[in-house]
Amino acid sequence: IYSLKDSETVNQAKKIKLKRMKSLGFNTLYVGFESGSNQQLQRYNKGITREESIIAINILKELQINIDGGFITFDPLMTLEDCLKNVSFLKEADVPKLLLFPFNHLIAFNGTIYFSMLKKNRFLVDLKVNRLLKTVKIIDKFIPYELFELFLQKLRLYYFANTEQTMIRKYEDILRDYGNLSLPFLEKLVCALLNDITDFDLNLMINRFLEEHKMFSSDLNLWFKKEEPELFMTYTIPEINEIRTHL
């Protein structure tokens with residue numbers, strides 16, 4: 001979409017191509033942003049920068065192209081600063097889809113460059129980062145991913161079908177509400193770890209967040225059943241998962 005390495009002429013040509021695609025009916029683009037930290041992007045070998053991602057997002061918004069995308073907030077070699085940069089990026093970018101899975105963490109597969117990097121540097125991981133990653137894994141167990149995935153696939157269908165903006169905005173506003181719950185928590189969590197929070201106080205913080213998360217998920221489930229009752233009446237969760245694999 002945009003590269004600081006390319007000339008203005010090349011970047012403009014890419015924008016014109018996107019505009020042409022939009023005029024022909026193209027309305028949604030999936031972009032693997034993955035991180036808002038340049039250091040983390042280098043570890044992921046993405047070949048892009050945070051600054052380029054922000055410019056790309058602004059271009060897509062200008063052209064009124066829906067933005068879908070991937071984001072991997074956590075990786076084993078990260079720093080607490082990486083986490084804060086990711087939170088600030090998600091706030092600045094304001095891409096609703098990226099707010100749905102803020103606790104995504106990287107899985108390193110054998111044979112990848114990252115796996116080799118991890119083997120070489122696994123003893124350099126900061127103890128505070130270890131506490132962060134363990135906390136994220138605890139929270140991850142309580143996230144209703146089936147509900148969130150169902151919500152996401154319905155939003156994608158609305159994107160692809162070019163549904164009226166009122167319904168799309170409803171979905172996106174819910175994702176922003178979720179971001180308003182999870183992102184401040186991550187900021188507070190990092191600050192608490194920097195200040196060597198005790199295990200007791202950390203557990204209290206986690207439990208408070210999980211209670212708020214449970215209330216949000218419950219409200220989302222009720223709203224979803226009211227707004228999209230045909231999904232719950234027509235399909236079971238396994239069937240919905242099967243549909244998702246073909247989208």
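One can find the structure itself at the top, above this paragraph.
What you are looking at is a predicted structure, and each value in this text was computed from that prediction instead of being measured.

(A) Summary view of the pattern of salt bridges. Under the definition given, this model contains 14 salt bridges. Its salt-bridge partner being Glu187, residue Lys91 comes within 2.9 Å of it at the nearest N-O pair. Here Lys91, found in helix H4 (residues 80-93), pairs with Glu187, found in helix H8 (residues 165-194); they are 96 residues apart in sequence, far enough to count as distant. On the accessibility criterion, Lys91 (43% relative accessible area) is partly exposed. One continuous salt-bridge network, built from bridges that share partners, spans Arg43, Asp75 and Asp82.

(B) Spatial organisation of the packing of aromatic side chains. Per the stated rule, a full pass over the model turns up 14 aromatic pairs. For the ring pair Tyr171 and Trp223, a centre distance of 5.3 Å and an interplane angle of 75° mean the geometry is edge-to-face. Here Trp223 lies in helix H9 (residues 199-227) and Tyr171 lies in helix H8, a separation of 52 residues in the sequence. Under the relative-accessibility criterion, Tyr171 is labelled buried at 0%. Taken together, the ring pairs connect Phe151, Tyr158, Tyr171, Trp223 and Phe224 into an aromatic cluster.

(C) Representation of the nonpolar core in the model. Core analysis: the biggest nonpolar cluster contains 67 residues, and Phe74, Phe103, Leu132 and Phe148 have the highest contact counts within it. Here the element with the most residues in this core is H8; it accounts for 14 residues. With sequence-adjacent residues up to four places away left out, Leu132 is seen in contact with Phe74, Met78, Leu80, Cys83, Leu189 and Leu193.

The rules behind the values
Residues numbered from 1 in each chain as written. Predicted model: local features only at pLDDT ≥ 70, side-chain atom pairs only at ≥ 80, totals over all residues. Heavy atoms only, no water. Salt bridge = Lys/Arg side-chain N within 4 Å of Asp/Glu carboxyl O. Helix = DSSP H or I, 4+ residues; strand = E, 2+ residues; numbered from the N terminus. Buried < 20%, exposed > 50% of the residue type's maximum accessible area, 1.4 Å probe, protein only. Phe/Tyr/Trp six-rings, centres within 6.5 Å; stacked < 30°, edge-to-face > 60°. Core = buried A, V, L, I, M, F, W, Y, C linked by side-chain atoms within 4.5 Å. Contact = heavy atoms within 4.5 Å.

Shape descriptors only; they carry no functional weight alone.
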